[in-house]
Amino acid sequence: MSIDPNLPATTATAMAASTTTAASTTTGTGTGTATGAGTVGAVTVLGLGPMGRSLAGAFLGAGLRTTVWNRTPGKDRELTGEGAAGAATAEEAVSGADLVVVCVVDHDASDAILRRDDVTRALKGRTVVNLTADTPDRARDSARWAAAHGIGYLDGAIMTPAPSIGTPEAVFLHSGPRDLYDRHRPVLELLGGTHTHLGEEIGRAATFDIALLDIFWTAMAGYAHAVAIARAEGVTAGELAPFAQGIGAILPPLFERFARDADSGTYTGEINPVTSAVSTMAHVVAVSESHGIDAGVMRAVEGMARRVIGLGHGADGFIRVAEMLGRH
């Protein structure tokens, strides 16, 4: 699911531009029309939280016949007022279209809807596009269940906030059978933004989602911690912000270089070896704890760096940590 509802459009645009390694990326039509939308003339959306409502609204705005359903009654009022067909039950909802888009909190929630006997029977011969965030293994389990019941299945992730849906800033990741994706791609592209098919292995969209969320939330934890340190030393968050943005600007080229190092196994430390980096981490810990600020996150980072040094790789770059963490 989306990383944060308050992310600016520029962040979404940057994410869209970063999908160059994927199998194929296309640009959605957003507020266009459903003309040429393949064999699917209608769509059902299950789950009407902020993201689900945005998905249904984009389909409606494109002129697609849209059926909606939510476990909590009443959330469909605005959409039905705009022309959506409200369904009393999930079974009724999925019977209204060949393409069923699901967007709920996790796969426990989607399983509770889709795996009810009456709903499962109604889904036979239809396609589910599950845009519900969860783990790669949950995606694989859902795909196995769908195959066992004659249901087409694509997994996916939405990497931008709900307001981006229907605009060029939206970013969607998809995985699953290529022919199934191609069949429904024209309708999915009505959601706007970029759509990237990452491959037929069903867990790939969730894998990308988890990895990108890992980057985002550890970075946000670092920023929150930095603000706490700065304030303890009399520096306001506003004073720090422009310099924090400068740190953020350093990262993209480092990501590219470290990706090459990780994939090639070179782990060059010519920019900054781990032995040098670890001393700066210790400084962050020291200042934090001098103010009574929890330094647990940085202590964990420092601990990983020291493990790399202990394994004899102190002259390598920090991305050697990824190789160390992957050992079993």
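Details of the structure are given in the entry above.
Here the structure is a predicted model, which is why all the values come from computation and not from measurement.

1. Considerations on the overall build of the chain
Reasoning step 1: Helices and strands together make up the secondary structure of the chain, namely 13 helices and nine strands.
Reasoning step 2: When burial is assessed residue by residue, the chain has 45% of its 328 residues classed as buried.
Reasoning step 3: The contacts of the chain with a sequence gap of at least 6 include a subset with a gap of at least 24, amounting to 67%.
Reasoning step 4: Here the chain displays about 15600 Å² of accessible surface, and carbon together with sulfur accounts for 58% of that area.

2. Let's talk about the sheet that holds strand S6 (residues 127-130)
Reasoning step 1: One open sheet accounts for nine strands, arranged S1-S9-S8-S7-S6-S5-S2-S3-S4; its pairing is mixed. Two strands close off the open sheet at either side, each with one partner strand: strand S1 (24-27) and strand S4 (85-86).
Reasoning step 2: Inspection of the sheet shows S6 paired to strand S7 (residues 152-158) by four bridges, in the parallel sense. Each residue of the ladder has a partner; that of Val 129, found in S7, is Leu 154.
Reasoning step 3: Seen against the sheet, helix H5 (residues 107-114) touches strand S2 (42-46), strand S3 (65-69), strand S5 (99-102), S6 and S7 and runs at an angle of roughly 160° to S6.
Reasoning step 4: Helix-sheet contacts for helix H8 (residues 178-188) involve S1, S5, S6, S7, strand S8 (171-175) and strand S9 (194-197), and the interaxial angle to S9 is about 175°.

3. A word on the pattern of salt bridges
Reasoning step 1: Under the definition given, this model contains 18 salt bridges.
Reasoning step 2: Arg 185 is the partner of Asp 182 in a salt bridge, and the nearest nitrogen-oxygen pair spans 3.9 Å. On the criterion of helical spacing, the pair formed by Asp 182 and Arg 185 is a turn pair, its members being three residues apart in helix H8.
Reasoning step 3: The salt bridge partner of Glu 189 is Arg 185, with a shortest N-O separation of 3.1 Å.

4. Notes on empty space enclosed by the protein
Reasoning step 1: In total, this model carries two cavities of 30 Å³ or more according to the counting rule given.
Reasoning step 2: Considering only enclosed or pocket space, the largest cavity measures out at about 40 Å³ in volume.
Reasoning step 3: Every residue along the wall of the largest cavity is listed here: His 107, Thr 132, Ala 133, Asp 134, Thr 135, Ala 139, Asp 155, Gly 156, Ala 157, Ala 206 and Asp 209.
Reasoning step 4: Of all elements in the fold, only S7 and helix H9 (204-232) reach the threshold of two or more residues within the lining of the largest cavity.
Reasoning step 5: No other element matches S7, which puts three residues into the lining of the largest cavity.

5. Here we look at unusual backbone geometry
Reasoning step 1: In the Ramachandran plot, Tyr 267 falls in the positive-phi region, its phi being about 50° despite a non-glycine side chain.
Reasoning step 2: Assignment of secondary structure puts Tyr 267 in the loop between helix H10 (237-264) and helix H11 (274-290).
Reasoning step 3: By relative accessible area, Tyr 267 is classed as buried at 9%.

6. Regarding the nonpolar core
Among soluble globular proteins, nonpolar side chains are generally buried collectively.
Reasoning step 1: Counting residues in hydrophobic clusters, the biggest one holds 31 residues, and the most contacted among them are Leu 55, Phe 59, Val 101, Ile 158, Ile 165 and Phe 172.
Reasoning step 2: Every element with two or more residues in this core is listed here: S2, helix H2 (50-61), S5, S7 and H8.
Reasoning step 3: With six residues, the top contributor of residues to this core is H2.
Reasoning step 4: Not counting residues up to four positions away in its chain, the partners in contact with Phe 172 are Leu 55, Leu 131, Ala 157, Ile 158, Ile 165, Leu 191, Gly 192, Thr 194, His 195 and Thr 196.
Reasoning step 5: Counting residues in each nonpolar core, the second largest holds 22 residues, with Trp 69, Ala 90, Val 94 and Ile 202 among its members.

Conventions and cut-offs
Residues numbered from 1 in each chain as written. Predicted model: local features only at pLDDT ≥ 70, side-chain atom pairs only at ≥ 80, totals over all residues. Heavy atoms only, no water. Helix = DSSP H or I, 4+ residues; strand = E, 2+ residues; numbered from the N terminus. Buried < 20%, exposed > 50% of the residue type's maximum accessible area, 1.4 Å probe, protein only. Contact = heavy atoms within 4.5 Å. Areas by Shrake-Rupley, 256 points an atom, 1.4 Å probe, with all protein chains shown as cover. Pairing = 2+ DSSP bridges. Axes fitted to C-alpha atoms, helices over the stretch in contact; angles between N-to-C directions. Salt bridge = Lys/Arg side-chain N within 4 Å of Asp/Glu carboxyl O. 1 Å grid on protein atoms, 1.4 Å probe; cavity = no way out; pocket = protein on both sides within 12 Å on 5 of 7 lines; lining within 4 Å. Points joined across faces, edges and corners; volume = space filled by probe spheres on them. Core = buried A, V, L, I, M, F, W, Y, C linked by side-chain atoms within 4.5 Å.

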